[in-house]
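Analysis of the macromolecular model
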Amino acid sequence: MKIKLLNANFGIDFIIPQDFTKKLKETLGEKKTIAIYCAIQFIPKLEIVKSLLEKEGYNIIITKPHRAEFKGQILGCDSYVDNLNLDISKVDGFVYIGDGYFHPNAILLAQENQDKIKPVIILNIVQELIEVIDKTHIEKYLKKKKGNLLKFYTSNIIGVFVSSKWGQEYKESALKLKDQYKDKEFYYFVSDNFLDSEMENFPFVECWVNTACPRIGQDDILRHSKPVINIKDIFLLEFKNE
Ligand code: SF4
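Conventions and cut-offs
Residues numbered from 1 in each chain as written. Predicted model: local features only at pLDDT ≥ 70, side-chain atom pairs only at ≥ 80, totals over all residues. Heavy atoms only, no water. Helix = DSSP H or I, 4+ residues; strand = E, 2+ residues; numbered from the N terminus. Rg over C-alpha atoms; globule rule 2.2 N^0.38 Å. Contact = heavy atoms within 4.5 Å. Areas by Shrake-Rupley, 256 points an atom, 1.4 Å probe, with all protein chains shown as cover. Lys, Arg positive; Asp, Glu negative; His and termini not counted. Charge placed at Lys NZ, Arg CZ, Asp CG, Glu CD. Pairing = 2+ DSSP bridges. Axes fitted to C-alpha atoms, helices over the stretch in contact; angles between N-to-C directions. Buried < 20%, exposed > 50% of the residue type's maximum accessible area, 1.4 Å probe, protein only. Right-handed = clockwise from strand over helix to strand, strands pointing away. Arc of directions from axis to C-beta.

1. Quick word on the overall build of the protein
A count of helices and strands for the protein gives seven helices and nine strands. In terms of overall size, the protein behaves like a compact globule, its C-alpha atoms giving a radius of gyration of 20 Å where 242 residues would be expected to give roughly 18 Å. Counting only C-alpha atoms and orienting by the principal axes, one finds that the protein spans roughly 60 × 45 × 30 Å. Long-range contacts, defined here as pairs at least 24 residues apart, represent 72% of the contacts in the protein between residues at least 6 apart. Of the roughly 13,100 Å² of accessible surface on the protein, a fraction of 51% belongs to carbon and sulfur atoms. Side-chain charges in the protein split into 34 positive and 34 negative, and the spacing between the mean points of these groups amounts to 2 Å.

Below, the structure written as structure tokens:
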């Protein structure tokens, strides 16, 4: 089977809202260091925003996150600090070019274990809006996640979800769990979708480990009826770059 790829750049003219730099100065102050990211369709706009910010006296850092194809692009799964390929201690805040919360939330979630979660200024060039999101935006997920991790350690019967989707399949890491936690009983479930309704068919499972898209165990966790924890949160370091 041949797969045809079509570029889908964000083609319309874009206007940077007038209050963008004002909001930036209010949030971060002047002459600060900012890391900029965007969704792939906004890549052609990245340099324009970078130049504007440099003219305003900001120092700009653009990295290529672990899952991204291009410098400055961020995917929703670049939601752990090692994914960003960035020395986070060197930045004062972030600018995200695009709309919605899925990608800017990844930047906040990636800072989970930092002393301070630095704000993300969303330059929403679709709706021509500026919005600042900070720790308060993800607090409820972080709180729930701590509880879920505790539940994993205290549970005896664990369900492990392994995705059959390309790019989300981490069977090898999933199997390491049973070697690492010999006192627990592990059941492995392979599917292309992680559905809450399916989890309900296995009521004996006390806690679930997700090895697929990390957002299932991050900002999706409020939707699940049973505790779900990402394998990366269990194996934080060993899992790196599988
Ligand atoms: S793993 Fe999740 S966040 Fe990453 S590209 Fe796939 S669906 Fe999106």
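2. Describing the sheet that holds strand β6 (residues 157-163)
What the four strands build is an open sheet, ordered β7-β6-β8-β9; its pairing is parallel. At either margin of the open sheet sits one strand with a lone partner, and together these are β7 (185-191) and β9 (228-230). In this sheet, adjacent strand axes meet at a mean angle of 25° when their direction is disregarded. Pairing of β6 with strand β8 (residues 207-210) involves four bridges; the strand directions are parallel. Pairing of G159 across the sheet is with W208, part of β8. Contacting β6, β7, β8 and β9, helix α4 (residues 139-154) crosses the sheet at an angle of about 95° to β9. The strands touched by helix α5 (residues 171-180) within the sheet are β6, β7 and β8, with β7 carrying the most contacts at an inclination of about 165°.

3. Some thoughts on the pairing of strand β1 (residues 33-38)
Of all six residues making up β1, six are buried, and the element is well covered by its neighbours. Because side chains alternate across β1, one face comprises the buried residues T33, A35 and Y37, and the other comprises I34, I36 and C38, equally buried. Examined bridge by bridge, β1 and strand β2 (residues 59-61) share three bridges and lie parallel to one another. Each residue of the ladder has a partner; that of T33, found in β2, is N59. Each parallel crossover has a hand, and for β1 linked through helix α2 (residues 43-55) to β2 it is right-handed. Of the strand pairs in this sheet, β1 and strand β3 (residues 93-97) are connected by five bridges, and their pairing is parallel. Bridging across to β3, A35 finds its partner in F94.

4. Points about α2
Those residues of α2 that fall on the buried side of the exposure criterion are K45, L46, V49, K50 and L53. All buried residues of α2 lie within an arc of 145° about the axis, which places them on one face of the element. Here the buried face of α2 lies against α1 (20-28), β1, β2, β3 and β4 (120-124). One or two positions beyond α2, positive phi appears at G57, with a value near 95°.

5. So, the sheet that holds strand β5 (residues 129-133)
The sheet built from five strands is open, its strands ordered β2-β1-β3-β4-β5 with mixed pairing. The sheet is open, and its two borders are formed by β2 and β5, each paired with just one other strand. Averaged over all neighbouring strand pairs, the angle between strand axes comes to 25°, with direction disregarded. Where β4 meets β5, five bridges bridge the pair, whose relative direction is antiparallel. Bridge pairing in β5 links L123 to I130. Its contacts with the sheet place α1 against β1, β3, β4 and β5, and it is angled at close to 170° to β4.

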